[in-house]
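# Fold and geometry: a report
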Amino acid sequence: MDNTVSVVKCGDYTHVKEGVRAALEPLGTMSRFVKKGDKVTIKPNFVSRKNPGDAATTHPLLLKAVIEEAEAAGGKVTVAESPGGPYSAAALRLVYGGCGAQEAVEGTNAMLNYGTEFREVSYPDGKILKSMPIISPILDADVVISLPKLKTHAMTSYTGAVKNMFGTIPGTHKAELHFRLDDRAAFCSMLVDLCECVRPDLSIMDAVVGMEGDGPTAGQNRHIGLVMAAANPHALDMAACKIIDYTPDEVDTVKEAIRRGLVCSDPSELNILGEDIDSLIIKDFIKPESHFNLLKLLSLPPSLEKRVKGILAAKPVINYGECIGCGKCAGCCPPKAMDMTSGKPVIDPHKCIKCFCCQELCPKKAVKIHRPWANRLMLKLLK
């Protein structure tokens, strides 16, 4: 396994071109990954139509810097994403436009993917999925470069290089997977399957300004001031998690990667090139409300755990003062747990699987994460 991660300081996006180049240098530069004539697909994190200043998506200046590096190495670049919601040309235009992708490709030969083709791919080594639908630009590439954003995540606690591969699943197929895999550990194991099936050749993380709190779209901006890169996405995630003060056991995708032997068992075993990450740890990085799970501290039989989870687990609630009744939350809800009869969403608690897709894709941050008072009180007593 390759446990090497390059970590360089980058104070702001005006210097991100230099930051990307500096992060690639100790890995062997872009020419290690891209050869002349290679078809290169760059997969940013464009989860939904968000302004780059919201820190929910890969910044367009970082995307542009990577495009230029790949083209300088001789690659023919396509930028491709399958954001939350429908996978259609119209949806892609809105997302690319809002996230600054069109500006990122200006002055380059890179193309934005507007096609919506995908193919079912067999993956017999999968622990959860033995086959999965993958968008064609990923499958047709000689080289896949992933550009994750360093953020917290309501369902998975953290989203980075491995979770970024969920955007290679087309449109509503993501909702189907959420519905089938409503258990967090199973869902994260599926993400590891997906990442191993796609096998990105290189991951470059936008950690200049990340997101803390109730990410991946409704949290708060947090300046981190880094660009990070690795050939192994699992190693990159382990390093990023250490910087924002998560242990490997707190992030199921990292824990599962360790269990499968895809990364070293402890962050101290990583081969860090560049900055000393021990000096970069952010002790007060805010975790999502859903991260504080009382059930982690209790040992219950499965039948009782499911019942207790319904009472104590964090759940989405609607702030009707901020809700505009657009219906996007209901449209993306995997179990169809939202009723829009009144013009605004009403959540059926018996159907809700707590995947937080509604919170992730709400354009107005009107879906909040609520942790019941009993959960808060008991966690304090048990700690």
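Along each chain, residue indices are assigned from 1 in the same order as the chain's sequence is written. Where totals are concerned, whole chains, interfaces and linings use all residues; where local detail is concerned, this predicted model gives features only for residues with pLDDT of at least 70, and gives and counts side-chain atom pairs only at 80 or more. Hydrogens and water molecules were not included; the side-chain quantities draw on all heavy atoms of the structure.

### Brief notes about the overall build of the protein chain
Strands are runs of DSSP state E lasting at least two residues, helices are runs of H or I lasting at least four, and both sets are numbered from the N terminus onward. Scanning the protein chain from terminus to terminus reveals 14 helices and 16 strands. Atoms counted for the radius of gyration: C-alpha only. Globule rule: 2.2 Å times residue count to the power 0.38. Scaling as 2.2 N^0.38, a compact globule of 383 residues should have a C-alpha radius of gyration of about 21 Å, and the protein chain matches this with 20 Å. Seen along its three principal axes, the alpha-carbon backbone of the protein chain occupies a region of about 55 × 45 × 40 Å. Only protein chains enter the accessibility calculation, which uses a 1.4 Å probe; a residue whose area is less than 20% of its type maximum is buried, one above 50% is exposed, and one in between is partly exposed. When burial is assessed residue by residue, the protein chain has 59% of its 383 residues classed as buried.

### Brief notes about the pairing of strand β3 (residues 76-79)
Every second residue of β3 is oriented toward a common face, the buried set being Val77 and Val79 and the non-buried set Lys76 and Thr78. Whether two strands pair depends on DSSP finding at least two bridges between them. Both strand β2 (residues 39-44) and β3 contribute to a ladder of four bridges, which runs parallel. Residue Val40 lies in a different strand from β3, and its bridge partner there is Val77. For crossovers, right-handed means that the path from the first strand over the helix to the second runs clockwise, given strands pointing away from the viewer. Each parallel crossover has a hand, and for β2 linked through helix α2 (residues 60-72) to β3 it is right-handed.

### Quick look at unusual backbone geometry
For the peptide bond that leads from Gly215 to Pro216, omega is 20°, which places it in the cis range. Looking at where Pro216 falls in the secondary structure, it is placed in the loop between β10 (202-212) and β11 (220-230). Positive phi is not limited to glycine here, since Arg199 has a value of about 50°. With respect to the helices and strands, Arg199 occurs in the loop between α8 (184-198) and β10. A residue is classified by how much of its surface remains accessible, and Arg199, at 55% relative accessible area, is exposed. The backbone phi angle of Asp245 is positive, close to 65°, even though this residue is not glycine. Tracing the backbone through its elements, the reader meets Asp245 in the loop between α9 (233-243) and α10 (252-259).

### Quick word on the packing of aromatic side chains
In this analysis, rings of Phe, Tyr and Trp, with Trp reduced to its six-membered ring, are considered paired at centre separations within 6.5 Å, and the interplanar angle assigns stacked below 30 degrees, edge-to-face beyond 60, and tilted for intermediate values. As enumerated under the stated definition, the model contains three aromatic pairs in all. Ring geometry for Phe46 against Tyr96: centres 6.4 Å apart, planes inclined by 70°, an arrangement best described as edge-to-face. With Phe46 in the loop between β2 and α2 and Tyr96 in helix α3 (residues 89-99), this residue pair connects regions lying 50 residues apart in the sequence. An angle of 80° between the planes, with centres 5.4 Å apart, marks the rings of Phe166 and Phe187 as edge-to-face. In this pair, Phe166 sits in the loop between α6 (161-164) and α7 (173-180) while Phe187 sits in helix α8, placing the two residues 21 residues apart along the sequence. Linked through ring pairs, Phe46, Tyr96 and Tyr114 together constitute an aromatic cluster. Two thresholds decide whether a charge sits over a ring: the Lys NZ or Arg CZ must be within 6 Å of the ring centre and within 35 degrees of the ring normal. One cation-aromatic arrangement involves Arg93 over Tyr114; the distance from NZ or CZ to the ring centre is 5.5 Å. Here the basic side chain of Lys287 rests over the ring of Tyr246, its NZ or CZ set 4.8 Å away from the ring centre.

### Structural notes on the pattern of salt bridges
Two side chains carrying opposite charge are able to pair once their charged atoms lie near each other. What makes a salt bridge here is a side-chain nitrogen of Lys or Arg within 4 Å of a carboxyl oxygen of Asp or Glu, nothing more. Counting across every chain of the model gives 18 salt bridges. A salt bridge links Lys255 to Asp252; the nearest nitrogen and oxygen atoms lie 3.4 Å apart. Of this pair, Lys255 and Asp252 both sit in helix α10, separated by three residues, roughly a single helical turn. Under the relative-accessibility criterion, Lys255 is labelled partly exposed at 36%. Residue class for Asp252 comes out buried when judged on its relative accessible area of 13%. A salt bridge links Glu256 to Arg260; its shortest N-O distance comes to 2.7 Å. Comparing Glu256 with Arg260 shows no difference in burial state: the two are buried. A single network of salt bridges, built from pairs that share partners, joins Asp193, Glu256, Arg259 and Arg260.

As far as function goes, none of this settles anything; it's purely spatial.
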